[in-house]
Amino acid sequence: MARHSGASVSVWYPMPPQHDTGDWLGALARVMARVTANADREGALHALTAGLVEEFGVALARIWLYDPADDTLHLRASSGLAGELPGAHIAVSTGTPHAPIARAVREQRVVVIDPITPASGFDRGEWFAQHELRFYAGFPLLVGERVTGALAVFLRATPPPPM
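Worth saying up front: this structure is predicted, and the values here are computed from it rather than measured.

1. Considerations on the sheet that holds strand 7 (residues 135–143)
Taken together, the six strands give an open sheet; going across it, the order is 5-4-3-8-7-6, and neighbouring strands pair in antiparallel fashion. Looking at strand neighbours, the two that pair on one side only are strand 5 (91–93) and strand 6 (111–113), the edges of this open sheet. Geometrically, the sheet is characterised by an average inter-axis angle of 20° between neighbouring strands, direction not taken into account. Where strand 3 (residues 60–67) and strand 4 (residues 72–80) come together, eight bridges link them in antiparallel fashion.

Put into structure tokens, the structure is as follows:
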């Protein structure tokens with residue numbers, strides 16, 4: 001992973017294990033080719049989460065779309081360990097105080113948790129420990145200032161420092 005620091009926000013983005021710019025750009029090109037090959041919304045979302053897992057080594061990637069009618073994030077795509085997550089939330093109210101993905105949307109900022117602990121706000125903490133998930137980043141998906149959803153990624157290690 002690489003990090004980029006702005007004036008008041010620190011944002012990280014996936015970086016392939018080789019940390020080579022050509023490898024990173026190639027991996028990103030492969031992910032985006034998957035997304036554009038799956039033009040329907042659900043297919044594109046799944047292609048994006050699968051690409052993060054397969055090309056960037058993310059252990060679990062999830063995308064929720066926001067429905068303002070019920071002020072809720074609805075899970076629309078999940079790849080990686082997702083199939084093994086028992087009782088995984090398919091809908092999360094943005095008002096849920098302890099849910100990190102809801103916090104990212106409410107605050108309209110990236111939420112990073114490193115390390116994931118029982119006090120991090122995730123249900124089923126034993127599952128996260130069993131799968132050795134250490135790092136979480138939740139990204140609000142915004143169009144202008146309008147929330148459209150959220151992306152969450154989980155890693156088994158803390159991302160490396162910026163190059």
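2. Some thoughts on the packing of aromatic side chains
Under the defined criterion, the tally for this structure stands at six aromatic pairs. Here the aromatic rings of Trp-127 and Phe-128 are separated by 5.2 Å at their centres, their planes lie at 90°, and the arrangement is edge-to-face. As far as burial versus exposure is concerned, Trp-127 and Phe-128 are alike and both buried. Seen from their ring centres, Phe-128 and Phe-154 are 5.4 Å apart, and the 40° between their planes marks the pair as tilted. In this pair, Phe-128 is assigned in helix 4 (residues 125–130) and Phe-154 in strand 8 (residues 146–155), connecting sequence segments 26 residues apart. Note on Phe-128: relative accessible area 5%, which makes it buried.

3. Observations concerning unusual backbone geometry
Peptide bonds are trans in most cases, and residues, glycine excluded, mostly fall at negative phi. Cis geometry is adopted by the peptide bond preceding Pro-115, which originates at Asp-114 and carries an omega value of 5°. One can find Pro-115 in the loop between strand 6 and helix 4. Even without glycine at this site, Asp-71 takes up a positive phi of about 50°. Position of Asp-71 relative to the elements: it lies in the loop between strand 3 and strand 4. Of note in this structure, Glu-132 is not a glycine but carries a positive phi near 55°.

4. Things to note about helix 2 (residues 41–56)
Counted at 1.5 Å a residue, the expected span for helix 2 with its 16 residues is 22 Å, and the 22 Å between its end C-alpha atoms agrees. The set of residues buried in helix 2 consists of Gly-43, Ala-44, Leu-45, Ala-47, Thr-49, Ala-50, Gly-51, Leu-52, Val-53, Glu-55 and Phe-56. Among the residues trailing helix 2, Gly-57 stands out with phi positive, at a value near 75°.

Calculation rules
- Residues numbered from 1 in each chain as written.
- Predicted model: local features only at pLDDT ≥ 70, side-chain atom pairs only at ≥ 80, totals over all residues.
- Heavy atoms only, no water.
- Pairing = 2+ DSSP bridges.
- Helix = DSSP H or I, 4+ residues; strand = E, 2+ residues; numbered from the N terminus.
- Axes fitted to C-alpha atoms, helices over the stretch in contact; angles between N-to-C directions.
- Phe/Tyr/Trp six-rings, centres within 6.5 Å; stacked < 30°, edge-to-face > 60°.
- Buried < 20%, exposed > 50% of the residue type's maximum accessible area, 1.4 Å probe, protein only.
- Expected span 1.5 Å × (residues − 1).

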